[in-house]
Amino acid sequence: MKLSGNTIFITGGASGIGRGLAEALHRKGNKVIISGRRKALLDEVAKANPGIDTIELDVTNADQIARVARTLIARYPTLNVVFNNAGIMPFDDITGPLDDAQAVHLVNTNLLGPVRVSGAFVEHLKTQPESAIINTSSVVAYIPMAMSALYSATKAAIHSYTLSQRFALRNSSVRVLEIAPPWVDTDLVFKSGDPRAMQPEAFIAETMKLLEEATSEVVVESARQLRDAAGPNEHGVVDYFNQMILDNPLPTP
Ligand SMILES: NC(=O)c1ccc[n+]([C@@H]2O[C@H](COP(=O)([O-])OP(=O)(O)OC[C@H]3O[C@@H](n4cnc5c(N)ncnc54)[C@H](OP(=O)(O)O)[C@@H]3O)[C@@H](O)[C@H]2O)c1
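In this text, all values refer to a predicted model and were calculated from it rather than measured experimentally.

Procedures and definitions
- Residues numbered from 1 in each chain as written.
- Predicted model: local features only at pLDDT ≥ 70, side-chain atom pairs only at ≥ 80, totals over all residues.
- Heavy atoms only, no water.
- Helix = DSSP H or I, 4+ residues; strand = E, 2+ residues; numbered from the N terminus.
- Buried < 20%, exposed > 50% of the residue type's maximum accessible area, 1.4 Å probe, protein only.
- Polar contact = N/O pair within 3.5 Å; in protein donor to acceptor, adjacent residues only side chain to side chain.
- Contact = heavy atoms within 4.5 Å.
- Axes fitted to C-alpha atoms, helices over the stretch in contact; angles between N-to-C directions.
- Parallel < 35°, antiparallel > 145°, perpendicular 65-115°, else oblique.
- Left-handed = near helix turned anticlockwise from the far one by under 90°.
- Nonpolar A, V, L, I, M, F, W, Y, C, P; charged D, E, K, R; others polar.

Attention shifts here to the side chain of Asn 49. If you trace the backbone, Asn 49 turns up in the loop between α2 (39-48) and β3 (53-56). Using a relative accessible area of 9% as the deciding quantity, one classes Asn 49 as buried. A polar side-chain atom of Asn 49 sits 2.8 Å from a polar atom in the side chain of Glu 23. With residues near it in sequence (within four places) discarded, Asn 49 still touches Arg 19, Glu 23 and His 26.

The next point concerns the packing of helix α4 (residues 100-126) against helix α5 (residues 149-168). Running from N to C, α4 and α5 cross one another at 15°; their axes reach a closest spacing of 10 Å. Classed by the angle they form, the pair α4 and α5 counts as roughly parallel. Judged by the sense of rotation from one axis to the other, the crossing of α4 with α5 is right-handed. Note on element contacts: α5 touches α4 through Leu 150, Tyr 151, Thr 154, Lys 155, Ala 157, Ile 158, Tyr 161 and Gln 165, opposite Ala 103, Leu 106, Val 107, Asn 110, Leu 111, Pro 114, Val 115 and Ser 118. Grouping the amino acids of the contact of α4 with α5 by side-chain chemistry returns eleven nonpolar, four polar and one charged.

So, in structure tokens, the structure goes:
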């Protein structure tokens, strides 16, 4: 994907990976519009980066998505990149009763959110000479983390949906990319300083390099092994990965 001269809409762009990529893309000469629910945070990013535009959007709200898409397409007729980055990562315990409200909110945010946002922009993207949809999955789309089982499943679903989108749009101007991050030290759960997590700055720098050449997936070097582990032997890898987490617990807030 060419990394300058685009008009890029990023969901969840006021923090973490979204903010890092928004700022990096802004510096490279793209018009960047970020969204999220926290207005104060959107304002802070806009103030720190003159030229970045903001719009409030809760991706669980289908009407709001449709409204925001209409507004942005009218305001930026050359909008050509939609980057589905917003997401949440609650932990769950699937050996016990389901927290139904949490499950519905998670699927609405991580799966239906990107699906609805894509749906709201795709007709417009097809009118642009070169355009892209970028979806953020995770390495746990490939090797699920059992203590975040439904989160892992939403990311596996996003990977699957992205494959379909890429094929379905193959004869249009819309390229479809997937970013599958490893553990990056953001506030997704909480910023822990755990040395096993990749530093956001390093992740953004490597991702920006890969994005330039990407035609399908963006997977940083440290995530490659987990991404490639899925296949006939994945059951053993899933056991190994999850046992390793149990033996070396994740930090808690
Ligand atoms: N960090 C990692 O280790 C990691 C690994 C793999 C994949 N990812 C994925 O990378 C993406 C970015 O996460 P991050 O690590 O940068 O964490 P983050 O800093 O918490 O960013 C998540 C963003 O999503 C937004 N968001 C959450 N719910 C939303 C909703 N209902 N409507 C609109 N925006 C919403 C949040 O903004 P508001 O709260 O203001 O709405 C926030 O800016 C997520 O999809 C995550 O699953 C992260």
